[in-house]
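Below are the chains, spelled out letter by letter.
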Amino acid sequence: MKTLMKTTIAAFALIAFISCKEKQTVEINTPEEVKTAKENTADVADQGFIDGMTGKVWHNYLEIKMALAKSDESQAKSISKDMAASFGEERMEMKQLAQQMADAQDIEEVRELFAQFTEKAGPMFEDALSEGTIYKKYCPMAFNNEGAYWYAAVKEITNPYFGEKMLKCGSVKKTINK
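The structure displayed is predicted, hence computed values, not measured ones. (Residues numbered from 1 in each chain as written. Predicted model: local features only at pLDDT ≥ 70, side-chain atom pairs only at ≥ 80, totals over all residues. Heavy atoms only, no water.)

The terminal C-alpha atoms of helix H6 (residues 107-128), which comprises 22 residues, lie 29 Å apart, in line with the 32 Å expected from a rise of 1.5 Å per residue. The largest bend in H6 is about 40°, located at Ala121, with the proline Pro123 one to four residues further on. The backbone nitrogen of Glu108 lies 3.1 Å from a side-chain oxygen of the residue at the head of H6, namely Asp106. (Helix = DSSP H or I, 4+ residues; strand = E, 2+ residues; numbered from the N terminus. Expected span 1.5 Å × (residues − 1). Bend = angle between axes of the 7 residues up to and from the residue. Polar contact = N/O pair within 3.5 Å; in protein donor to acceptor, adjacent residues only side chain to side chain.)

See below:
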């Protein structure tokens, strides 16, 4: 019995020793690789809302904003369609704006409707936020210098109204914390 016990302990020790000998690798990224990865990461952070519908709309809103910032018309329209399906009868005006974004003729029309949607949805986002931080941002040059607002989950500016032409144009006008 002692021999069996010693053999078992020795086997476990050998397995533990062998498993510790695995090679570990460390990946070192260049500053360019880090910047590219950051640009390709969605503008999503941790926010909580008092109801599930607002949380789903917020998530879709951020995806549309990022698609517009990348000038990806088809992605913005596809997500707008998903967002329209999130609304019930009590938010018919927002549902219609989301559907209009999905049916828009071009990306500039999607951007104009996104600005209108932001005006309607902004107070809902602010009122329904139960935890985390959201940022209300402003681009003074949007729509022939009329200006337009948008909301985001992170402080960094990624402007949905000009896309890559003026990606960093804008400023944080309001920080909402809960």
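Having seen it, we continue.
All right, on to helix H5 (residues 92-103) then. Across its twelve residues, H5 extends 16 Å between first and last C-alpha, which sits within 8% of the 16 Å expected from 1.5 Å per residue. Looking at the buried side of H5, the elements it contacts are helix H3 (52-69), helix H4 (73-86) and H6. (Contact = heavy atoms within 4.5 Å.)

Counting 42 residues, the largest nonpolar core has Trp58, Tyr61, Met101, Phe117 and Phe125 as its most contacted members. In terms of residue count, the dominant contributor to this core is H6 (ten residues). Ignoring anything within four residues of it in the chain, the contact list for Met101 reads Ile64, Lys77, Ser80, Met83, Val110, Leu113, Phe114 and Phe117. (Core = buried A, V, L, I, M, F, W, Y, C linked by side-chain atoms within 4.5 Å. Buried < 20%, exposed > 50% of the residue type's maximum accessible area, 1.4 Å probe, protein only.)

Quick look at the packing of H3 against H4 now. Where H3 contacts H4, the two axes come as close as 9 Å, and the packing angle between them is 170°. Here H3 lies roughly antiparallel to H4, going by the angle between them. Between H3 and H4 lies a crossing whose hand is left-handed. Of the residues in H4, those touching H3 at Met53, Lys56, Val57, Asn60, Tyr61, Glu63, Ile64, Ala67 and Leu68 are Gln75, Ala76, Ile79, Ser80, Asp82, Met83 and Ser86. (Axes fitted to C-alpha atoms, helices over the stretch in contact; angles between N-to-C directions. Parallel < 35°, antiparallel > 145°, perpendicular 65-115°, else oblique. Left-handed = near helix turned anticlockwise from the far one by under 90°.)

All right, on to the sheet that holds strand S4 (residues 148-152) then. Ordered in space as S4-S3-S5, the three strands form an open sheet in which the pairing is antiparallel. Each edge of the open sheet is held by one strand with a lone partner, namely S4 and strand S5 (171-177). Within the sheet, the average angular offset between the axes of one strand and its neighbour, ignoring direction, is 20°. In the packing of H3 onto the sheet, contacts are made with strand S3 (133-139) and S4, and the angle to S4 comes to roughly 120°. Strand contacts of H6: S3, S4 and S5, with the helix running at about 50° to S4, the strand carrying the most contacts. (Pairing = 2+ DSSP bridges.)

Bringing the pairing of S3 into the picture now. Burial within S3 is extensive, with six of its seven residues counted as buried. Direction of pairing for S3 relative to S5: antiparallel, over a ladder of six bridges. The residue of S5 that forms the bridge with Lys136 is Lys174. Both S3 and S4 contribute to a ladder of five bridges, which runs antiparallel.

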